[in-house]
Amino acid sequence: MSIPVVTFGPDQQFVVGGLERLHGPVTVVRRCTELTELLAACESGLAMAAVISADTSDLSSSLVERLDAVGVSVVVLTDDAEEMLRLEAIGVLPERADIAAADLADRISRAVDRQRESPRAAAGTAFAGLFPDAEVQLPAAEVVREGAGRVIAVWGPVGAPGRTTVAVNVAAELAARGSSVILADADSYGASASAMLGLLDESAGLAQACRLADQGVLDVAGLTRIAEEVHVRGNSFRLLGGVTRADRWTELRPSALSAVVERAKQLADVVVVDVGFCLEADEELSFDSMTPRRNGAALKIMELADEVIAVGAADAVGIPRLVRGLGELKDTAEQANIRVVLNKVRQSSVGRGPRQQLLQAWERFGPGMAISAYLPSDPAACDAALLSGTVLLESAPDSALRKAIAELSCADIQQNRESAGRNTRALGFLKR
Ligand SMILES: Nc1ncnc2c1ncn2[C@@H]1O[C@H](COP(=O)(O)OP(=O)(O)O)[C@@H](O)[C@H]1O
Ligand SMILES: [Mg+2]
C-alpha cells in the first residue's frame, strides 16, 4: 500500500515532484498552505506522514504531539543548523532540504513502520528520531545530565485540605535548612501559591516555563530567570507560579511540564509541586482523545514524583475523601513514596484525644498506610500568614502548626539521607 502523505512549505513543489516521480511507496494526498490545514488533514485521517519544509518556526512540540497522537509521522526538511537543534529538542529529527526523493521516501516508510509498531514510542533510536514520542526533549545543544533534584508532589483530595499551605511551607522549611528548592504550582483548578506568598503574580511562571519547554528552548538559565525568588529568613526558594485564570489550564501541557520538572531538578535539590485534586484520567471522561486534558498536569507530576505528600482534612468529610483518593493516587504514583498527612486536626471535629481518635478511624477505614504527620488546626497562624503574604516560619514561627510542618520536612531530609522508599519514620510521629 502506498503511504498517504501531506506536505507543507514553499519547497513542496520540489518534494512532491520528487516523490511522485518515484511512483513508489509514497503518495502525496494534499499540499497544504498552512500548518493548521496540515493538522486538520492529519486529524481527519487523511495521511500517515507529513513532510514539512522551510519555515518550521511554528512547529511546536504540542503540534508534534497532536500529530503523533493521530499516528502521523513527521519529517522536517531544513538546512538551518539552529533550527535543526530546536527541532531535535522537540523530538523531530530533521533531514537536509536537498535529500534525494528516494531517500526521503525510504525515511517516510521506515518512520511509518515504526509508528505502526509502536505508536508514541517511535523515537529516540537510530534514525528513529524521525518521529518520536510525545515527550518534549530538552535542548539538544546541551549535554543533558539527569537532574539530581528530588520531586515532592503535594496532593490532596477535593475540598481545601491544605495542599498549598503544606506545599508552600514545606518549600520554605527546606530552604531555611539550606536546600535549594523550587516550588511549582501545577494546580490546574485553583492555583494559589503566589497569592499565599503575597505575590500579585499574573505572569504564571510555570506556564511561561512550559511555553519555552514546548518550543524546545528552556534551559537552566531561562528557568532561573522565570522563577521568582522568595526570601525566607536569610535563605530563599524559587517559585513558578501557577495559572490563576481558570481558562489557562491548557498551558500546563504534560509533556512540557515534564521537561520543566527535568530542568528544575537540575537547578534545585528539591522540586516541590502543588498539584490539583483530580487524578481522574480525562480520556475516560471524553470520547475525543485529542482534547487537552485538564488533569494531565497532576497525572504527569504523579508519574515524576519521588515522593507524594497526601494531605487530607482531619474531619468526617475530609477523611473519607482522602481514603477514596488514596486508591487512585497509588495507581498513578506507583513509584513514589506516599506519606499521608492529616491537616487541620482539632478536638471540635474529632473529639477528645484527636490523634487517638483519628488513628482508630484510620485503622478501621484507612487503606493500610501509616499516617506520617498530624498538623494541628491553627486558623490564627494561617490567617496571619495569609494576611502578611509570608510563610509560617516568618509569621508564626513558634506555632505548633509550623513546628509540625518543619518536622515533616525534616523527616523528609532525614529519610532521604537514610534510605529512599521506606516509610518507617512515619511511626515515630505517632509515638510522640
Ligand atoms: N492547619 C490549618 N489550620 C487552619 N487553617 C488551615 C490549615 N491549613 C490550611 N488552612 C486554611 O485552609 C484554607 C485552604 O488551605 P489551602 O492550603 O489553600 O488548601 P488547598 O490548597 O488544599 O485548596 C486556607 O484558608 C488555609 O489558610
Ligand atoms: Mg491549593
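Before reading further, recall that the structure is shown in the block above.
Residues numbered from 1 in each chain as written. Chains lettered and ligands numbered in written order. Predicted model: local features only at pLDDT ≥ 70, side-chain atom pairs only at ≥ 80, totals over all residues. Heavy atoms only, no water.

### Considerations on the site of ligand 1
Residues in close proximity to ligand 1 total 16 residues, the closest being Arg-163, Thr-164, Thr-165, Asn-343 and Asp-378. Within the backbone of Gly-162, a nitrogen or oxygen atom sits 2.9 Å from an oxygen atom of ligand 1. Contact between ligand 1 and Asn-343: a nitrogen atom at 2.8 Å from a side-chain N or O atom of the residue. Burial of ligand 1 by the protein amounts to 81% of the accessible area it has alone, namely 560 Å². Spatially, ligand 1 is embedded in the second largest pocket. Across the shell around ligand 1, the residue classes tally to eight nonpolar, five polar and three charged. (Near = heavy atom within 4 Å. Polar contact = N/O pair within 3.5 Å; in protein donor to acceptor, adjacent residues only side chain to side chain. Areas by Shrake-Rupley, 256 points an atom, 1.4 Å probe, with all protein chains shown as cover. 1 Å grid on protein atoms, 1.4 Å probe; cavity = no way out; pocket = protein on both sides within 12 Å on 5 of 7 lines; lining within 4 Å. Sits in = over half its atoms within 2 Å of the grid points. Nonpolar A, V, L, I, M, F, W, Y, C, P; charged D, E, K, R; others polar.)

### Considerations on the packing of helix α1 (residues 12–22) against helix α5 (residues 101–117)
At their nearest, the axes of α1 and α5 sit 9 Å apart, and the two run at 85 degrees to each other. Between α1 and α5, the interaxial angle falls into the category roughly perpendicular. Within the contact between the two elements, α1 uses Val-15, Gly-18, Leu-19 and Leu-22 and α5 uses Ala-101, Ala-102, Leu-104, Ala-105 and Ile-108. The residue inventory of the contact of α1 with α5, partitioned by class, reads eight nonpolar, one polar and no charged. (Axes fitted to C-alpha atoms, helices over the stretch in contact; angles between N-to-C directions. Helix = DSSP H or I, 4+ residues; strand = E, 2+ residues; numbered from the N terminus. Parallel < 35°, antiparallel > 145°, perpendicular 65-115°, else oblique. Contact = heavy atoms within 4.5 Å.)

### Observations regarding the side chain of Asn-343
Inspection of the secondary structure puts Asn-343 in strand β12 (residues 337–345). Residues contacting Asn-343, with those up to four places away along its chain left out, are Pro-161, Gly-162, Val-311, Gly-312, Ala-313, Ala-314, Leu-375, Pro-376 and Leu-401.

### A closer look at helix α3 (residues 61–69)
In terms of burial, α3 is a largely internal element, seven of the nine residues being buried. Among all positions in α3, only Ser-61, Ser-62, Leu-63, Val-64, Glu-65, Leu-67 and Asp-68 are buried. Packed against the buried residues of α3 are α2 (35–43), β4 (73–77), α5, α8 (205–214) and α10 (254–267). Directly beyond the C-terminal end of α3, a positive phi value near 75 degrees is found at Gly-71. (Buried < 20%, exposed > 50% of the residue type's maximum accessible area, 1.4 Å probe, protein only.)

### Let's talk about the sheet that holds strand β9 (residues 235–240)
Strands sit in the order β8-β9-β7-β10-β6-β11-β12-β13 across an open sheet of eight strands; the sheet is mixed. Looking at the sheet topology across the chains shown, the edges are occupied by β8 (228–232) and β13 (371–376). Across this sheet, the average inter-strand angle for adjacent strands is 25 degrees, counted without regard to direction. Strands in contact with helix α6 (residues 163–176) are β6 (150–155), β7 (181–186), β8, β9, β10 (270–275), β11 (307–313) and β13; relative to β10, the strand with the most contacts, it is inclined by about 170 degrees. (Pairing = 2+ DSSP bridges.)

### Re unusual backbone geometry
Here the phi dihedral of Arg-233 falls at roughly 45 degrees; this positive angle occurs in a residue that is not glycine. Residue position: Arg-233 is located in the loop between β8 and β9. Here the phi dihedral of Lys-344 falls at roughly 60 degrees; this positive angle occurs in a residue that is not glycine. Inspection of the secondary structure assignment puts Lys-344 in strand β12. On the accessibility criterion, Lys-344 (32% relative accessible area) is partly exposed.

### Digging into the pairing of β13
In terms of burial, β13 is a largely internal element, five of the six residues being buried. By the bridge criterion, four bridges tie β12 to β13 in an arrangement that is parallel. Bridging from a neighbouring strand, Leu-342 pairs with Tyr-374 of β13.

### A word on the environment of Pro-4
In this structure, Pro-4 sits in strand β1 (residues 3–8). Residues Pro-4 and Ala-50, 46 residues apart in the sequence, show an inter-C-alpha distance of 8.8 Å.

### Quick look at the packing of aromatic side chains
Considering all chains together, one arrives at one aromatic pair under this definition. Ring plane angle 45 degrees and centroid distance 4.8 Å describe the contact between Tyr-189 and Phe-277, whose orientation is recorded as tilted. Note that Tyr-189 is positioned in the loop between β7 and α7 (193–196) and Phe-277 in the loop between β10 and α11 (296–304), a separation of 88 residues in sequence. Residue Tyr-189 is classed as partly exposed on the basis of its relative accessible area, which comes to 34%. (Phe/Tyr/Trp six-rings, centres within 6.5 Å; stacked < 30°, edge-to-face > 60°.)

### What to know about the pairing of β1
Of all six residues that make up β1, six are buried, and the element is covered over most of its length. Neither face of β1 is open: one carries Ile-3, Val-5 and Thr-7, the other Pro-4, Val-6 and Phe-8, and all of them are buried. Pairing analysis gives six bridges linking β1 to strand β2 (residues 26–32), with the strands arranged parallel. Along β2, the bridge assignment pairs Phe-8 with Cys-32. In this fold, β1 hands off to α1, which returns the chain to β2; that crossover is right-handed. Two elements, β1 and strand β3 (residues 49–53), share four bridges in a ladder whose sense is parallel. If you follow Val-5 over to β3, its bridge partner there is Ala-49. (Right-handed = clockwise from strand over helix to strand, strands pointing away.)

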